[in-house]
Each structure stands twice: as structure tokens, then as C-alpha cells.
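A structural walkthrough
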Amino acid sequence: MTPIQCDVAVIGGGPAGLAAAVAATEAGADTLLLERHVELGGVLPQCIHPGFGLKLFGEELTGPEYSQRWVSQAAGIRRLTDTMVVSVSPGFTVWATGPASGLLEVRSGSLVLAMGCRERTRGAIAIAGTRPAGVMTAGTAQRLVNVHGHMPGKRFVILGSGDIGMIMARRLTWEGAEVVGVYELLPHLAGLRRNYVQCLQDNDIPLHLGHTVTEIHGDRRLTGVTVCGVDQAMCPMPATAQLVPADTLLLSVGLIPENELTRALGAEMDAVTGGPVVDDRMQTTVPGLFAAGNVVQVHDLADDVSLAGAVAGREAAAYARDGTAGAAWARVTPGSGVRSVVPQRLRLPADPATEITLRVRRPVEQRCHLLLTVRGATVARRRLDYARPGEMVSLSLGAQAAQALREGGDLAVEVVEA
Amino acid sequence: MSAGEETKEIICTACPRGCPLQVRVLREAVQVEGASCRRGVAFGRTEALDPRRVLTTTVRVRGGAVPVVPVRTRSPISRGLVPGVLAELRRVELLAPVSLHQIVLADPADAGTDVVTAASVEEVS
Ligand SMILES: Cc1cc2nc3c(=O)[nH]c(=O)nc-3n(C[C@H](O)[C@H](O)[C@H](O)COP(=O)(O)OP(=O)(O)OC[C@H]3O[C@@H](n4cnc5c(N)ncnc54)[C@H](O)[C@@H]3O)c2cc1C
Ligand code: SF4
């Protein structure tokens with residue numbers, strides 16, 4: 001078997017991978033896109049609701065329309081669909097397999113990882129009770145209804161107030177099902193307020209904050225769940241337990257970046273984001289290995305995913321051409337009030353135009369400042385009217401910070417109340 | 001509060017901040033409180049008088065590579081018209097091949113906009 005040769009191989013054909021493949025090709029690289037599904041677009045084809053593309057195209061597109069724009073831009077690029085990457089080794093050699101192609105070996109100068117996320121399942125959150133049919137993730141239900149035209153139940157309970165769960169609550173109601181309620185463990189909404197208003201409020205679907213599902217009932221098929229209020233320590237309060245009859249439970253309890261391949265290559269991982277540590281060019285700690293999109297961190301907007309993918313593709317093409325990975329880096333570390341930051345490293349000399357993205361630990365419902373500090377001195381700041389864990393925020397590095405980093409030290413990111 | 005007056009609690013969704021607005025609808029005027037910016041005032045007014053939404057759903061396809069195709073209203077429609085348009089769409093079945101932005105329903109319920117497909121579907125023989 002002769003290996004397939006290319007400059008840049010991109011693993012995953014969602015918005016991150018499509019933008020990476022387009023950018024790498026534009027930068028002159030011979031590019032190969034590998035996607036395990038028959039169709040390109042990642043999770044976008046199943047996200048039929050509007051809200052995509054405002055940032056990049058200035059109009060409100062649905063997921064399938066947003067996907068279509070990128071698929072047509074990628075039209076001339078070599079791709080293998082229905083082909084799953086099973087292993088990768090340094091250098092890079094990619095092993096992939098699919099029903100039509102069998103086992104394939106791909107040799108590439110650089111690699112872009114764009115495998116996206118998978119959803120947390122019942123196993124990841126451990127709920128007591130039986131194991132009947134009728135328990136699934138919100139994304140699985142989304143695919144069943146929007147792509148396969150199949151309604152998975154009649155009476156639903158949704159656990160978790162993430163965006164996919166709220167969007168599915170509206171979708172199922174519009175398809176004639178009953179959604180009894182959305183139950184959220186935390187005392188605040190996990191998803192966007194816009195989705196709370198347009199999906200739950202518009203359709204009179206109750207939201208129960210500070211509640212969780214403690215037990216699952218049913219023999220073959222789900223018959224109901226026990227829901228319970230939780231105290232400040234998030235422990236269920238048995239006195240508040242209540243049986244809610246339902247035939248389907250949807251879990252909307254978070255996404256986990258899909259990083260088996262990344263770990264196998266020995267890239268340093270960030271325990272908080274669940275993705276690889278990347279620098280401002282989306283390069284991991286392995287030279288020539290780039291990553292973008294939800295594989296790096298869970299993004300709120302597909303537009304931001306596409307932008308990050310384009311950076312990864314462009315830089316992967318440059319690496320395949322000249323092999324320069326950089327020589328020195330400064331670390332970027334989350335300080336007080338900050339849960340996670342991306343990029344976690346800056347290539348030196350630092351580019352003042354770098355955008356530092358972060359998520360805060362707790363909601364701050366008042367004016368606050370994002371601060372960048374080097375060796376204890378503030379080198380950049382941005383004022384915010386509020387900051388919430390559910391919304392990624394960013395600030396530019398700026399010239400002063402870039403200059404300070406020339407003299408050594410790391411960059412810390414903090415949130416302080418004004 | 002006098003007759004013909006009504007106060008609505010509305011969360012502004014013109015930006016992610018989500019300010020809580022109190023909108024007083026008097027017979028001939030609308031008064032918006034709680035907004036942090038001008039956009040919120042405009043939002044509160046429309047949302048109180050005529051809330052609009054982009055409707056998206058799927059309709060069945062016969063003879064296609066997939067059994068359903070996503071559809072959308074080209075622009076937002078009055079929220080009150082949503083159930084009626086959804087009911088009309090439930091009775092629609094398209095014949096493959098289906099092209100992107102093909103008209104599915106022209107100006108349903110006098111909503112002032114069309115329902116079009118949001119993807120294409122190939123025909124299978
Ligand atoms: C179920 C679900 C629903 C979502 N719904 C919304 C929503 O409604 N609105 C919103 O803004 N965001 C939504 N998101 C977030 C959304 O994922 C991102 O906005 C964006 O799609 C991420 O793009 P991506 O390219 O990083 O990943 P994805 O879109 O997930 O694409 C990753 C691609 O990589 C492929 N892949 C993975 N592993 C391999 C392998 N080993 N070999 C070959 N191919 C591989 C996958 O098949 C997939 O096509 C959702 C996410 C999930 C998981
Ligand atoms: S009032 Fe202004 S700041 Fe507040 S949510 Fe609306 S648009 Fe945003």
C-alpha cells in the first residue's frame with residue numbers, strides 16, 4: 001500500500017476543520033481533509049436553529065446554511081469522508097479506515113486536529129436507578145429529530161440548562177411533544193439568556209434552578225424520574241424529592257473535547273479546558289501539531305471556531321513549508337476569578353494583536369476589569385459591564401504587554417470587581 | 001395602574017447581557033425601564049408590541065437521501081403566527097431533489113415572508 005502524501009492533513013470536517021483546510025490551501029499547502037461521517041459540517045447540519053454567522057457573514061444563518069457556506073468554499077480540496085482516523089504517530093503518519101477505502105496511511109508535514117467534542121453522558125454524571133431505554137443526550141435527540149426525522153418520545157424531562165437542551169426543549173414542543181421542565185443543578189442558567197427567553201419562556205416550559213435528577217425509573221422504557229432540590233453544597237435534599245412521569249430524559253450536561261489522538265501524540269493537556277495546551281498560532285506543545293475548535297475548548301459560537309480553524313490551517317501550512325515551530329514561549333496562566341485561558345502559551349516575541357480568551361469562575365453581575373499582568377505589573381486591562389462563566393470573553397494582548405514579555409516572565413489573567 | 005395600561009417583565013435579548021426590562025404599554029405610548037442602552041429601549045418596545053422570531057423546523061422529503069429537510073422563515077415573523085405556520089408545515093411533503101432556499105410555503109398566514117429550505121437533498125433512485 002502506498003501512503004498518501006500531503007503537506008497538511010486535517011482531522012475532522014466540522015467548522016474548525018473546514019476553515020483550517022480552506023486556509024491551508026489558500027496558503028499554498030497540498031491539503032487533505034479527513035472526516036468520519038459521510039457528510040461534512042460536524043454538528044452543524046443537526047443545529048437547524050438560527051444564530052450562526054452573525055460575526056462572519058453579518059446575517060443570521062441556521063447551522064445547515066452556515067455549514068453549506070464553508071463546504072462550498074472547501075469544494076476543490078482533497079477529502080476522504082466516511083473515513084475515521086484511528087491512530088497518529090509523530091512525523092506525521094495518520095492511519096485511517098472507512099468502509100469504502102479500507103485501511104489508509106497518510107504522511108503529512110503538519111497536522112491540524114479538529115475533532116470537536118462529544119457530550120457528557122449518564123455515566124459521566126452517575127444517576128442512580130434502572131437502565132431503561134429513553135435516556136439520551138440532548139445532541140443525540142437533536143440528530144434523531146432534525147436529521148433522521150424521528151421523535152424519540154412524547155413526554156420529556158431535560159436535565160441541564162445548556163444551550164442544546166434549551167434549544168431541544170423548543171424543538172420538541174414545536175413537534176407536538178410535551179416538555180415537563182428543564183432542571184439545572186446550579187443556581188444559575190448554564191446557557192444563553194436569549195435561549196432561555198426564546199426557547200423556554202416563549203413556550204411556557206418551566207426552568208427549575210438548583211434541582212437535579214436523583215433516580216431513573218422504568219423497566220424496559222423510562223416511566224419517570226425523581227427530581228430533587230439541592231442545597232448550597234449541591235447535595236440533594238430528600239424532603240424535596242418528587243416523582244415526575246416521563247418517557248424520555250435528555251441530558252444537556254456539558255461537552256468533553258475529543259482528544260484521544262492528541263494525547264497519543266504526547267501533547268501537553270490542559271486539565272480545565274480538557275483540550276491541548278496551544279500557543280497563539282494554535283500550535284500544541286508538539287511541533288507541527290495544531291488544534292482548533294471544540295477540541296481545544298468548548299466555544300459558544302461556531303464563528304469563533306471557524307476563525308480559530310483558519311489560524312491553525314494557515315500556520316500548519318507555514319510549518320509544512322519552512323518547519324519553524326518557534327524557539328521560546330511565555331506561559332499564560334489563569335489568575336484570580338479566571339477558570340480557563342486560551343492560548344496557554346505565547347510564542348516570543350509576542351504578537352500584540354493576540355486575542356486572549358477566557359472563562360470566569362463565577363458570575364460577576366457588576367462592572368469589572370479583566371487584567372493582564374507580567375511580574376505583578378498590570379500591562380493591559382479591559383472594562384466589562386458583567387462577566388459570566390457561560391460566555392467566553394476576550395481581550396487583546398497589546399503593545400505594552402508584548403514589550404513586558406520581552407523582558408521575561410509569564411502572563412497572568414485576572415478578573416477584579418471595579 | 002389605570003385601565004388600558006399593562007406592565008410586562010421582559011428580558012432583553014438584543015445582546016448577551018440580558019437586562020431585565022419593565023415595559024409599560026399605555027394606550028398610545030410605550031415606556032421602557034431597566035435598559036442599559038438605547039438598543040434595549042427599542043428592543044423592549046418591539047418585544048412588548050409585536051415579538052418576532054425566525055421559525056425553523058423540518059419538513060418531510062419523499063425519495064431523498066435523507067427523510068427530512070430543515071426549513072426556515074426568510075425573516076422573523078410575529079410570534080403569534082408560529083403555531084399556525086408549524087401546523088401548515090406538518091402537512092407539507094417535498095419531492096427530492098430539493099435545492100437550497102427553495103420556497104416551501106409562500107407567505108403563509110400573511111406573515112410577510114416565505115418559508116424556504118435551509119439545505120439541499122439529493123434524490124435516490
Ligand atoms: C451535539 C452538539 C450540538 C451542538 N449544538 C450547537 C448549537 O446548537 N449551536 C451552537 O452554536 N453550537 C452547538 N454546538 C457546539 C458546536 O460544536 C460548535 O459551535 C462547533 O460546531 C464546533 O466545531 P468543531 O469543528 O470544533 O467540531 P464539530 O462540529 O464537532 O466537528 C468535529 C468533526 O470531527 C469529526 N471527527 C472526530 N473524530 C474524528 C476522527 N477520529 N476521524 C475523522 N473525523 C473525526 C466529527 O465526525 C465531526 O464531523 C453543539 C455541539 C454538540 C456536540
Ligand atoms: S438593554 Fe442594552 S445592554 Fe442590556 S441586554 Fe439589552 S442591548 Fe444588552
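Everything here concerns the structure above.
Procedures and definitions
- Residues numbered from 1 in each chain as written.
- Chains lettered and ligands numbered in written order.
- Predicted model: local features only at pLDDT ≥ 70, side-chain atom pairs only at ≥ 80, totals over all residues.
- Heavy atoms only, no water.
- Helix = DSSP H or I, 4+ residues; strand = E, 2+ residues; numbered from the N terminus.
- Rg over C-alpha atoms; globule rule 2.2 N^0.38 Å.
- Buried < 20%, exposed > 50% of the residue type's maximum accessible area, 1.4 Å probe, protein only.
- Contact = heavy atoms within 4.5 Å.
- Areas by Shrake-Rupley, 256 points an atom, 1.4 Å probe, with all protein chains shown as cover.
- Lys, Arg positive; Asp, Glu negative; His and termini not counted.
- Charge placed at Lys NZ, Arg CZ, Asp CG, Glu CD.
- 1 Å grid on protein atoms, 1.4 Å probe; cavity = no way out; pocket = protein on both sides within 12 Å on 5 of 7 lines; lining within 4 Å.
- Points joined across faces, edges and corners; volume = space filled by probe spheres on them.
- Nonpolar A, V, L, I, M, F, W, Y, C, P; charged D, E, K, R; others polar.
- Pairing = 2+ DSSP bridges.
- Axes fitted to C-alpha atoms, helices over the stretch in contact; angles between N-to-C directions.
- Salt bridge = Lys/Arg side-chain N within 4 Å of Asp/Glu carboxyl O.
- Core = buried A, V, L, I, M, F, W, Y, C linked by side-chain atoms within 4.5 Å.

To continue, consider the overall build of chain B. When helices and strands are tallied, chain B shows two helices and 10 strands. Listed by position from the N terminus, the elements making up chain B come as β-β-β-α-β-β-β-β-α-β-β-β. Against the compact-globule benchmark of 14 Å for 125 residues, chain B has a radius of gyration of 19 Å, which places it well outside the compact range. Considering only C-alpha atoms, chain B reaches an extent of 65 × 30 × 15 Å along its principal axes. When burial is assessed residue by residue, chain B has 43% of its 125 residues classed as buried. Within chain B, residue pairs in contact and separated by at least 24 positions form 42% of the contacts whose partners lie at least 6 positions apart. As presented, chain B carries roughly 6700 Å² of accessible surface, and 51% of it is formed by carbon and sulfur atoms. Computing the positive centroid from 16 side-chain charges and the negative centroid from 14, chain B places the two 4 Å apart.

Attention now moves to the layout of surface pockets. In this model, the second largest pocket occupies a volume close to 870 Å³. Of all elements in the fold, only helix 3 (63–73) and helix 5 (138–146) of chain A together with strand 6 (68–73) of chain B reach the threshold of two or more residues within the lining of the second largest pocket. With four residues, helix 3 of chain A is the largest single contributor of residues to the lining of the second largest pocket. A class-by-class count of the residues in the lining of the second largest pocket yields 16 nonpolar, seven polar and four charged.

Attention now goes to empty space enclosed by the protein. Counting across every chain of the model gives one cavity of 30 Å³ or more. Along the walls of the largest cavity sit Q46, I48, H49, Q142, N146, I167, R170, R171 and W174 of chain A together with T56 of chain B, which together make up its complete lining. Elements supplying a minimum of two residues to the lining of the largest cavity: helix 5 and helix 6 (163–174) of chain A. When residues in the lining of the largest cavity are grouped by element, the largest group, four residues, is from helix 6 of chain A.

Residues and elements named next belong to chain B. Spatially, five strands are ordered 8-5-6-10-9 in an open sheet, and the strand pairing comes out mixed. Lying at the two open borders of the sheet, with one neighbouring strand each, are strand 8 (93–95) and strand 9 (103–105). Direction aside, the axes of adjacent strands within the sheet are offset by 45° on average. Sheet topology note: the strand 9/strand 10 (residues 115–117) ladder contains two bridges and is antiparallel.

What follows deals with the pattern of salt bridges. Two side chains bearing opposite charge may form a pair once their charged atoms approach each other closely. Here the structure, examined in full by the defined rule, presents 30 salt bridges over all chains. When the shortest N-O distance is used, the salt bridge between R79 of chain B and D202 of chain A registers 2.9 Å. One end of the pair, R79 of chain B, is in the loop between strand 7 (77–78) and helix 2 (82–90); the other, D202 of chain A, is in the loop between helix 7 (193–200) and strand 14 (207–209), on a second chain. The shortest N-O distance in the salt bridge between R281 of chain A and E315 of chain A comes to 3.9 Å. Of the two residues, R281 of chain A sits in the loop between helix 8 (260–264) and strand 20 (289–291) while E315 of chain A sits in helix 9 (residues 302–322), which places them 34 residues apart along the sequence. Under the relative-accessibility criterion, R281 of chain A is labelled partly exposed at 25%. Here E315 of chain A falls in the buried class, since its relative accessible area comes to 13%. By sharing partners, the salt bridges in this structure join R36, R118, E258 and E260 of chain A into a single network.

All right, on to the environment of R339 of chain A then. Residues and elements named next belong to chain A. Structurally, the position occupied by R339 is in strand 22 (residues 338–342). On the basis of relative accessible area, R339 is assigned to the partly exposed category, the value being 39%. Filtering out sequence-adjacent residues up to four positions away, R339 remains in contact with V272, P334, R359, V360 and R361.

With that settled, the discussion passes to the nonpolar core. Residues and elements named next belong to chain A. Residues I11 and L111 are the most contacted members of the largest nonpolar core, which totals 57 residues. When residues no more than four places from it in sequence are discounted, the contact partners of L111 are A9, I11, V88, F92, V94, L265, G288, L289 and F290. Listed in part, the 28 residues of the second largest apolar core include L346, V364, L372 and L384.

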